[in-house]
Amino acid sequence: MEWGRAMGELSAAIDHLATEDVTEIPRLQLAEQLLELHWQMARLQAQIARRTGVRLP
């Protein structure tokens, strides 16, 4: 996945969740959205680590 595209997708997901009234979202759907956001963030962190040479001990 291209760096710019990954950042755009993450930003769009965060913006989407920020504008929604969570009281109107079914809990299962909200959980799915939060899990997807989590995985997008994890993929982005992995890309950053690869590009910067950062490795966990």
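Residues numbered from 1 in each chain as written. Predicted model: local features only at pLDDT ≥ 70, side-chain atom pairs only at ≥ 80, totals over all residues. Heavy atoms only, no water.

K.L.:
Teacher, can you tell me more about the overall build of the protein chain here?
P.N.:
Along the protein chain, the regular secondary structure elements total two helices and zero strands. Here the protein chain, with 57 residues, has 18% of them falling under the buried criterion. Of the roughly 4600 Å² of accessible surface on the protein chain, a fraction of 61% belongs to carbon and sulfur atoms. (Helix = DSSP H or I, 4+ residues; strand = E, 2+ residues; numbered from the N terminus. Buried < 20%, exposed > 50% of the residue type's maximum accessible area, 1.4 Å probe, protein only. Areas by Shrake-Rupley, 256 points an atom, 1.4 Å probe, with all protein chains shown as cover.)

K.L.:
Help me understand the pattern of salt bridges in this model?
P.N.:
It is possible for side chains of opposite charge to pair when their charged atoms get near one another. One pass over the structure, following the stated rule, counts one salt bridge. When the shortest N-O distance is used, the salt bridge between Arg-43 and Glu-36 registers 3.3 Å. Note on Glu-36: relative accessible area 38%, which makes it partly exposed. (Salt bridge = Lys/Arg side-chain N within 4 Å of Asp/Glu carboxyl O.)

K.L.:
Would you explain helix 2 (residues 27-52) in this entry?
P.N.:
Three or four residues apart is the spacing at which side chains of an α-helix point the same way, because the helix has 3.6 residues per turn. The first and last C-alpha atoms of helix 2 sit 37 Å apart over 26 residues, in line with the 38 Å expected at 1.5 Å per residue. Listing the buried residues of helix 2 in full gives Leu-30, Gln-33, Leu-37, Gln-40, Leu-44 and Gln-47. Note on helix 2: the residue one or two positions beyond its end, Gly-53, has a positive phi of about 80°. (Expected span 1.5 Å × (residues − 1).)

K.L.:
Would you explain the environment of Leu-30 in this entry?
P.N.:
Relative to the elements of secondary structure, Leu-30 occurs in helix 2. Each C-alpha atom of the pair Leu-30 and Leu-17 lies 8.9 Å from the other, and the pair is 13 residues apart in sequence.

K.L.:
Help me out: how do you make sense of the nonpolar core in this one?
P.N.:
One recurring pattern in soluble globular proteins is that nonpolar side chains are buried together. In this structure, Ala-6, Leu-10, Leu-17, Ile-25, Leu-30, Leu-37 and Leu-44 together form the largest nonpolar core, which totals seven residues. Those elements that provide at least two residues to this core are helix 1 (3-19) and helix 2. (Core = buried A, V, L, I, M, F, W, Y, C linked by side-chain atoms within 4.5 Å.)

K.L.:
Hey, could you run me through the environment of Glu-2 in this one?
P.N.:
In this fold, Glu-2 is placed in the segment before helix 1. For the pair Glu-2 and Gln-47, spaced 45 residues apart in the sequence, the C-alpha separation amounts to 9.4 Å.

K.L.:
Explain the side chain of Gln-40 here, please?
P.N.:
Along the chain, the position of Gln-40 falls in helix 2. Setting aside its immediate chain neighbours within four residues, Gln-40 contacts Glu-9, Leu-10 and Ala-13. (Contact = heavy atoms within 4.5 Å.)

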